[in-house]
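One-letter residues, chain by chain:
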Amino acid sequence: MKLGIIKYGLGNIGSVFQSLKFVGYTPIIIEDPLEIKNVDKFIFPGVGNFTRAKNILDKFGWTDEILNATINLQKPILGICLGMQLLAEWGYEGLLENNNTKTKGLGLIKGEVVNLKNIDCRERIPHMGWNTVMWSYSPPLLSGIPSNTDFYFVHTYVFMPEKKVEIIAKANYSVPVTAVVNKGNIWGTQFHPEKSSKAGLRIIKNFLELI
Amino acid sequence: MLKKRIIPTLLYKDLGLVKGRKFKNLRKVGPVLPAIKVYNSREVDELIFFDIAASDNNSFVDYDTISEFSKFCFVPLTIGGGIDSIEKVKKLLEIGADKISINSAAYGNPNLVEQIANQFGSQCVVSSVDVKKVNNKWTCFSNSGTKNKDICPIIWCKRLEDLGAGEILITSIDKDGTNQGYDLELIQEITSEVKIPVIASGGAGKYDDMYKALELSGASAVAAASIFHFTEMTPNEAKLFLESKGIPIRKNWTLLKT
């Protein structure tokens, strides 16, 4: 089994790499879309802007290869933070302030990524810090971790999947925040497991060993 | 519910950790790596690491060192000190930093904050603001408190928010290292003027000081150095105290399990 980390230029690759090393596995850093074929599953990290990230994915050929690997070859993918948001069909985070045009995401999970401000979040934005994550059914990714564990979030936009069944876990920030999504081989966490201390490392280990 | 964060601050100079009083009279604390390992094993909420000599020496703690720290740090790590370009930010995020703190460089080049926010997202920009009272008026200082920037911190913090900063770390130089408590008035002014999270820094001497900054002044997090370096007080004990006072804090997973 080989696990890779997608390095497309936006992402805290270092932290994700170290977290895998810590649980005893040296991942392959994928710097060329064509190398995705060399791994069995991959982590898709990301920090930054939705539209900027998607432009890079399109421009350098990542989009086609990720879609091929996940849809045709059914390879498991774990999107983290912006990486999870990019799994969506649409994102409203444009390159310019107040730009309301929407950008097409990877479309692996139906739904939109919207600004917390636009769904009447009354708290300070960004949503930054440790927040309780709740789930009722525990998929392999969350194996061994009790519901109501705190994870580290840092984001301004939230993923609102169309199908509720694809929301595995939620947090609350005066509005519901999608924390974990899953559809078949597609997985995503809005929080940063690689920075969520021991509980987060367990998620990394679960993705490595159980999925 | 979002938790209030307790953040140990690590100040780095001459290859080791230091801590001063009012940004002066630095005392050696010890080597960095063991401190990071201990804080990580105790599951602190977050860590802030500043190379405090960087802006003056036009130097920067080398990337290999930061990379080494990140191998042992599985909680969010903010790196600051002498960061004055997009290239440095990119490199730091690649090797294990999660957030970047900008302080001195922002005064001369405010657009840097905007550029970093645009490229890497607001969430990784922590704007650090050092404040001292001059003629009884709060004033911003850069370069580890040595250069008076002659600007009101409230105005400056609002500007930083508009430029795209994701968080403000506000440090009272007058209170720093004194253990007399945070400058509650200053913190309150900032938290009521900006909508982004604010980290209170400078002056923590007891757990109740943290309570006051979080509860009375509206801070989202409290940073502290001296009390963790020079006393028996710990972030975990601070959390237990705060919890007893009704402040939402993160429970360590290890604690939850036992």
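As the structure is a prediction and not an experimental result, all values here were calculated from the model.

Novice: I'd love a proper account of the overall build of chain A, names of residues and values included.
Specialist: Across its full length, chain A carries 5 helices and 13 strands. In summary, chain A has a C-alpha radius of gyration of 16 Å against a globular reference of 17 Å for 211 residues, a match within 12%. Taking the principal axes of its C-alpha atoms as reference, chain A extends roughly 45 × 40 × 30 Å. Pairs at least 24 apart in sequence give 68% of the contacts found in chain A among residues at least 6 apart.

Novice: Talk me through the packing of helix α3 (residues 63–70) of chain B against helix α4 (residues 86–95) of chain B; I want residue IDs and the actual numbers.
Specialist: All names here are of chain B. Remark: α3 packs on α4, axes separated minimally by 9 Å, with the N-to-C direction vectors making an angle of 35°. Every pair of crossing elements has a handedness; the one defined by α3 and α4 is right-handed. When α3 is examined against α4, the residues Y63, I66, S67 and S70 are found in contact with a partner set consisting of K91, L92 and I95.

Novice: Break down the sheet that holds strand β5 (residues 88–91) of chain A for me, with residues and values.
Specialist: Pairing between sheet strands relies on hydrogen bonds along the backbone, with the strands arranged either parallel or antiparallel. Read from one edge of the open sheet, 4 strands run β6-β5-β7-β10 (chain A), paired in mixed fashion. Two strands bound the open sheet, and with one partner strand each, they are β6 (103–104) and β10 (157–161) of chain A.

Novice: Hey, could you go over the sheet that holds strand β12 (residues 176–183) of chain A for me, with residue numbers and the actual values?
Specialist: All names here are of chain A. One open sheet accounts for 7 strands, arranged β2-β1-β3-β4-β13-β12-β11; its pairing is mixed. In this open sheet, the two strands that pair with only one neighbour each are β2 (28–30) and β11 (167–172). Each strand axis lies, on average, 20° off the axis of its neighbour in the sheet, ignoring direction. Across the face of the sheet, helix α1 (residues 13–22) comes into contact with β1 (3–6), β2, β3 (41–44) and β4 (77–80) while running at roughly 165° to β1.

Novice: With reference to specific residues and values, describe unusual backbone geometry.
Specialist: For the bond running from A:I125 to A:P126, omega is 10°, close enough to zero to count as cis. Within the secondary structure layout, A:P126 lies in the loop between β7 (109–115) and β8 (127–133). Here B:S144, not a glycine, exhibits a phi torsion of approximately 55°, which is positive. Structurally, B:S144 is set in the loop between β8 (137–142) and β9 (147–148).

Novice: Would you mind going over the interface of chain A and chain B in detail, with residue names and values included?
Specialist: Listed as interface residues are 35 residues of chain A and, on the opposing side, 36 residues of chain B. Elements with a minimum of two residues in the side of chain A that touches chain B: α1, β8, β9 (149–155) and α5 (197–210) of chain A. With 6 residues, α1(A) is the single largest residue contributor to the side of chain A that touches chain B. Looking at the side of chain A that touches chain B residue by residue, the classes come out as 13 nonpolar, 16 polar and 6 charged.

Novice: Describe α1(A), and please don't skip the residues or the numbers.
Specialist: Of all 10 residues in α1(A), 8 are buried, a share of seventy percent or more. Turning to α1(A), its buried residues number three or more, namely A:I13, A:G14, A:S15, A:V16, A:F17, A:Q18, A:S19 and A:L20.

Novice: Quick rundown of the packing of helix α7 (residues 153–163) of chain B against helix α8 (residues 184–193) of chain B? Include the residues and the values.
Specialist: Residue and element names in this part refer to chain B. Closest axis-to-axis distance for the α7/α8 pair is 10 Å, and the angle between their directions is 35°. The way α7 lies across α8 gives a crossing that is right-handed. Residues P153, I154, C157 and K158 of α7 touch α8, and the partners they reach there are E189, I190 and E193. When grouped by side-chain class, the residues that make up the contact of α7 with α8 number 4 nonpolar, no polar and 3 charged.

Novice: So what's going on with the environment of B:G218? Which residues, and what values?
Specialist: All names here are of chain B. By the element assignment, G218 lies in the loop between α9 (207–215) and β12 (221–224). Its 16 C-beta neighbours within 10 Å are what place G218 among the partly exposed residues. Excluding its chain neighbours within four sequence positions, the residues that come into contact with G218 are Q188, T191 and S192.

Novice: Give me the confidence of the model for chain B: which residues, what numbers.
Specialist: Mean pLDDT for chain B: 92, with 96% of residues reaching 70 or above. The complex prediction reports pTM at 0.93, with the ipTM value standing at 0.91.

Novice: Tell me what's going on with the pairing of β12(A), and back it up with residues and numbers.
Specialist: Residue and element names in this part refer to chain A. Counting buried positions along β12 yields 6 of 8 residues, so the element is predominantly enclosed. The pairing of β11 with β12 spans 5 bridges and is classified as antiparallel. Looking at β12, one finds that I167 is bridged to V181. In terms of strand pairing, β12 meets strand β13 (residues 186–189) through 4 bridges, oriented antiparallel. Each bridged residue has a counterpart across the sheet, and for K183 the counterpart in β13 is I186. Hairpin connection of β12 to β13: 2 residues between the antiparallel strands, including G184 at a positive phi of 60°.

Novice: Describe in detail the pairing of β13(A), supporting the description with residues and values.
Specialist: Residue and element names in this part refer to chain A. Going residue by residue along β13, you find I186 and G188 tucked away on one face and W187 and T189 tucked away on the opposite face as well. As paired strands, β4 and β13 are joined by 4 bridges and run parallel to one another. Of the residues in β13, the one forming a bridge with I77 is I186.

Thresholds, definitions, all that
Residues numbered from 1 in each chain as written. Chains lettered and ligands numbered in written order. Predicted model: local features only at pLDDT ≥ 70, side-chain atom pairs only at ≥ 80, totals over all residues. Helix = DSSP H or I, 4+ residues; strand = E, 2+ residues; numbered from the N terminus. Rg over C-alpha atoms; globule rule 2.2 N^0.38 Å. Contact = placed C-beta atoms within 7 Å. Axes fitted to C-alpha atoms, helices over the stretch in contact; angles between N-to-C directions. Left-handed = near helix turned anticlockwise from the far one by under 90°. Pairing = 2+ DSSP bridges. Nonpolar A, V, L, I, M, F, W, Y, C, P; charged D, E, K, R; others polar. Buried ≥ 20, exposed ≤ 12 C-beta atoms within 10 Å, placed from the backbone. pLDDT = per-residue confidence, 0-100.

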